[in-house]
Every structure is written in structure tokens, then in C-alpha cells.
Amino acid sequence: MAMSKAAVSFPSVTPITSNQNSTSLNSSSSSSVSLFSSLSKSPSSSSSFPLTLKRTTASPSPSVLFSFFSSKNKQVNGASEYKFPDPIPEFAEAETEKFRANLIKKLTKKDIYGESIEEVVGICTEIFNTFLHTEYGGPGTLLVIPFIDMADTLTERGLPGAPQAARAAVVWAQKHVDKDWNKWTGEDDGDDN
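Nothing here was measured: the structure is a model prediction, and the numbers come from that model. (Residues numbered from 1 in each chain as written. Predicted model: local features only at pLDDT ≥ 70, side-chain atom pairs only at ≥ 80, totals over all residues. Heavy atoms only, no water.)

## A word on the pattern of salt bridges
The test is simple: Take a side-chain nitrogen of Lys or Arg and a carboxyl oxygen of Asp or Glu: if they are within 4 Å of each other, that pair is a salt bridge. Put simply, DSSP marks the helices as runs of H or I at least four residues long and the strands as runs of E at least two long, and each gets a number from the N terminus on. Residue burial is assigned from relative accessible area. The probe radius is 1.4 Å, only protein chains are included, and a residue is buried under 20% of its type maximum, exposed over 50%, and partly exposed in between.
This structure, assessed with the given rule, holds 2 salt bridges. In this structure, the salt-bridge partner of Asp180 is Lys98, at a minimum N-O distance of 3.0 Å. Of this pair, Asp180 sits in helix 5 (residues 162-185) while Lys98 sits in helix 2 (residues 89-108), placing them 82 residues apart in sequence. For Asp180, a relative accessible area of 10% corresponds to the buried category. For Glu118, the salt bridge is made with Arg100, and the minimal N-O distance between the two is 3.3 Å. Of the two residues, Glu118 sits in helix 3 (residues 117-134) while Arg100 sits in helix 2, which places them 18 residues apart along the sequence.

Right, here's the structure in full:
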């Protein structure tokens, strides 16, 4: 036979009683409810986990709840007020050239593209360039959407290796774009990994 006890906070609780014995637990919290669970098993018992809930004191005051929720709102509002920088056209151009050179190098190693390599790289580069010019504003703004668009566009046009090209593109972008932005804007943290 084993006995388990725990204290749980509820604003209002209706007592649930049991025929089995339970022990009381004292709590110093003004809004705690004692929960008692007896784990004894008797042959005549229909339930192996009878519970007794007992309200010990009043629920927390509205001022306590207000101060909790108002501090949470201040944290959320502070995060939502941050504005990312606008895209930098010169950065977008430079990064697009690096992206194109790397993608050609990476995809020519695979035998699946054949004569379509220029078209595949061209589509991926165009989508990436558009994203950098319109939406990328530094770390925290690199989205997966352009890479999904790359795979979808290549597939729609019946070009080979759409998933592999999109994967190569996103892997390169994850490794380089945010670091390159930091170097471009002078916010480099010295991490060259």
C-alpha cells in the first residue's frame, strides 16, 4: 500500500469525497487546494485511485492576477515593437552573386541536371534575389518560403532535381546570409565558423 499527496492551485473546487481514508496537508499559500490520493487497493474498491479535493482558502486577489498579466503583456509588446532593418539593395546584389556561384559549383557535382543546370540555377537565383531585395532585413528575417518556391517552380516546369537544388540553396543561405549581413553592416561578432 502506498500514499501520495500533492498541493495544486485552483480558484474554485467542489469537494470530491471517497469512502477510503485520506490525510490532510497544510499549505501556506492563500490559493492552494490540497489534493490527496490514496493508492491502496482493496478487493471491494471499484476505483484504484480515489481522490479528495478540499478547498483550504480563498482564490488569489485580482491585483495579484493583474500584476502577473500586465508584466507578461509588457514583455510581449516589447518584442512586437522591434522593427527589422529594410533590405539593402547593394547587399542583395553582392549576396545573389555569391549564391549563384556557389549553387552552380554545388549542383554541377550532381549528374541529375544535365543541360538544365543553367535554367535550374537561374530560377533559384531569381527567386533568392527577389527575396533579398524585398524581404531580407538581417538576422531573424531569413525565411524558408523562397526555398519552397524554388522547389515548387522547378517541379512545375518539369526540371530535374528540384528538391536537391532547393536543399542546396537553403543550406548555403543558413550558413552564409546572416553572417554576410553582419559583416556588411559592421555588426560582425568575430565568429567566422
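## Side note on the packing of aromatic side chains
Under the convention used in this document: Ring pairs shown here join Phe, Tyr and Trp side chains whose ring centres sit within 6.5 Å, with only the six-membered ring taken for Trp; geometry is labelled stacked below 30 degrees between planes, edge-to-face above 60, and tilted in between.
Following the criterion strictly, the structure yields 9 aromatic pairs and no others. For the pair Phe91 and Trp181, a centre-to-centre distance of 5.2 Å together with 85° between the ring planes defines the contact as edge-to-face. Pair noted here: Phe91 is in helix 2 and Trp181 is in helix 5, with a separation of 90 residues, a long-range link. For Phe91, a relative accessible area of 2% corresponds to the buried category. The class for Trp181 is buried, based on a relative accessible area of 2%. For the pair Phe99 and Trp172, a centre-to-centre distance of 5.7 Å together with 65° between the ring planes defines the contact as edge-to-face. Of the two residues, Phe99 sits in helix 2 while Trp172 sits in helix 5, which places them 73 residues apart along the sequence. Taking relative accessible area as the criterion, Phe99 reaches 1% and is therefore assigned buried. Ring pairing ties together the aromatic residues Phe91, Phe131, Tyr136, Trp181 and Trp184, which thus form one cluster.

## Some points on the packing of helix 2 against helix 5
Which entries qualify depends on this criterion: Angles shown run from 0 to 180 degrees and are taken between the N-to-C directions of axes, each axis being a line fitted to C-alpha atoms and, for helices, limited to the stretch in contact. Left-handed describes a crossing whose near helix is turned anticlockwise from the far helix by less than a right angle; the clockwise case is right-handed. Between two residues, a contact is recorded if the distance between any of their heavy atoms is within 4.5 Å. In this classification, Asp, Glu, Lys and Arg are treated as charged, Ala, Val, Leu, Ile, Met, Phe, Trp, Tyr, Cys and Pro as nonpolar, and every other residue, Gly included, as polar.
Packing of helix 2 against helix 5 leaves a shortest axis separation of 10 Å and a crossing angle of 145°. Handedness of the crossing formed by helix 2 with helix 5: right-handed. Between helix 2 and helix 5, the residues in contact are Glu90, Phe91, Ala94, Glu95, Lys98, Phe99, Asn102, Leu103, Lys106 and Leu107 and Gln164, Ala165, Ala168, Ala169, Trp172, His176, Val177, Asp180, Trp181 and Trp184, respectively. The class makeup of the residues in the contact of helix 2 with helix 5 is 12 nonpolar, 3 polar and 5 charged.

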